[in-house]
Amino acid sequence: MSAVRIDERIATHRGALSPQERRAADTLLEHLDDLATYRAAELADLAGVSKATMSRLFRSLGYSDFDEVREHLRAIRAVGEPRATDGPASLPVHARAEAAAIAAALSRPAIADAVAALADAAHVHVVGWRNSHVVALHLRQQLVQARPHVRLAPAPGQVMGEELADVEPGDVVVVVGFRRRPSGFGAFLTEATRTGARVVLVGDPSAAEHLGRIGRSGIWVECPVSTDLSFDSYAAAMSLVAVLADGVLARRGAAGRERVTSISATYQRLAEVE
């Protein structure tokens, strides 16, 4: 039962609940997004039922007590599920939180190792799915300005088997893995490591469970995305991309500067950008 959401449990057990328990259950559903901020007695008052009725409801739903309900709700948010907030966000507070998240991401010592790996690799393969794909796409676009042989995967509508066929020792595979990753994420990391390439894993703290899959030469760059808003924020992730690309361009030296000049000249000849 632990993996079953509380609203799904209520739907499953609703027919077996007493009228008082159903009223209590309706109150839980009405306050699902901020349920963890209440005490059990407060919820009972909101529902107009006794504390004993509320306790029976928790047990009927498979929880030992309201503390277990709170842990369940925290776990849902920890995997990145959006939640409704009570009123508009405080933008100054959000801005300060974003600044702290960016500072935390950019303070990671592993960034220097990642820059060296990305600059010196024979080929760089950047991989990401879902929201992580956006970060991976931006990283690829920045890196390709500074060095050759940077690929993005997966291609639209494709899977990863053929992408890994071209990965060799001496390459680097950057895997962007923020929370709500696809179910095959861990298996992909294992296969990427088997190619002999060095794996750079970029993700929020929840991705740390996969560190055992990237091998001893793997590089782990942690980057927070949690906020007090309904959705995660990728401001720190995009700042991390900028810092990685900047470091690669600096490490590439004259070759990197010549590549930037060549690309800009091509833009002008093709009239592609203003």
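Before any of the text, the structure's been laid out above.
This one's a predicted model, so the numbers in the text were calculated from it and none came from an experiment.

(A) Expanded view of the environment of Asp232. Positionally, Asp232 belongs in the loop between β5 (219–222) and α11 (235–252). Classification of Asp232 as buried rests on a relative accessible area of 17%. Remark: the alpha-carbon pair of Asp232 and Arg179, spanning 53 residues in sequence, is separated by 9.4 Å.

(B) Looking closely at the side chain of Asp204. The topology assignment puts Asp204 in the loop between β4 (198–203) and β5. Given the relative accessible area of 3%, Asp204 is considered buried. Setting aside residues up to four positions removed in sequence, Asp204 forms contacts with Gly177, Phe178, Arg179, Arg181, Trp220, Glu222, Cys223 and Val225.

(C) Representation of the nonpolar core within the structure. By size, the foremost hydrophobic cluster in this structure holds 37 residues, and its most contacted members are Leu143, Val174, Phe178 and Val221. When contributions to this core are tallied by element, the ones reaching two or more residues are α6 (91–106), α7 (110–120), β1 (124–128), α8 (131–146), β3 (172–176), β4, β5 and α11. One finds Ala44, Val49, Leu57 and Tyr63 within the second-largest nonpolar core, a separate group that totals 20 residues.

(D) Structural detail: α8. Between its terminal C-alpha atoms α8 stretches 24 Å, which fits the 22 Å expected from 16 residues at 1.5 Å a residue. Along α8, the residues that are buried comprise Ser132, Val135, Ala136, Leu139, Leu143, Val144, Gln145 and Ala146. Residues of α8 that are buried sit in contact with α7, β1, β2 (150–153), β3, α11 and α12 (254–270).

(E) Structural view of the sheet that holds β4. If you walk across this open sheet you meet the 5 strands as β2-β1-β3-β4-β5, and the pairing is parallel. Looking at which strands have only one partner, the edges of the open sheet turn out to be β2 and β5. Each neighbouring strand pair of the sheet contributes to a mean axis angle of 15°, computed without reference to strand direction. Where β1 lies against β3, 5 bridges are found, and the strand directions are parallel. Bridging from a neighbouring strand, Gly128 pairs with Val176 of β3. Lying on the sheet, α7 is in contact with β1, β3, β4 and β5; it crosses β5 at an angle near 125°.

Calculation criteria
- Residues numbered from 1 in each chain as written.
- Predicted model: local features only at pLDDT ≥ 70, side-chain atom pairs only at ≥ 80, totals over all residues.
- Heavy atoms only, no water.
- Helix = DSSP H or I, 4+ residues; strand = E, 2+ residues; numbered from the N terminus.
- Buried < 20%, exposed > 50% of the residue type's maximum accessible area, 1.4 Å probe, protein only.
- Contact = heavy atoms within 4.5 Å.
- Core = buried A, V, L, I, M, F, W, Y, C linked by side-chain atoms within 4.5 Å.
- Expected span 1.5 Å × (residues − 1).
- Pairing = 2+ DSSP bridges.
- Axes fitted to C-alpha atoms, helices over the stretch in contact; angles between N-to-C directions.

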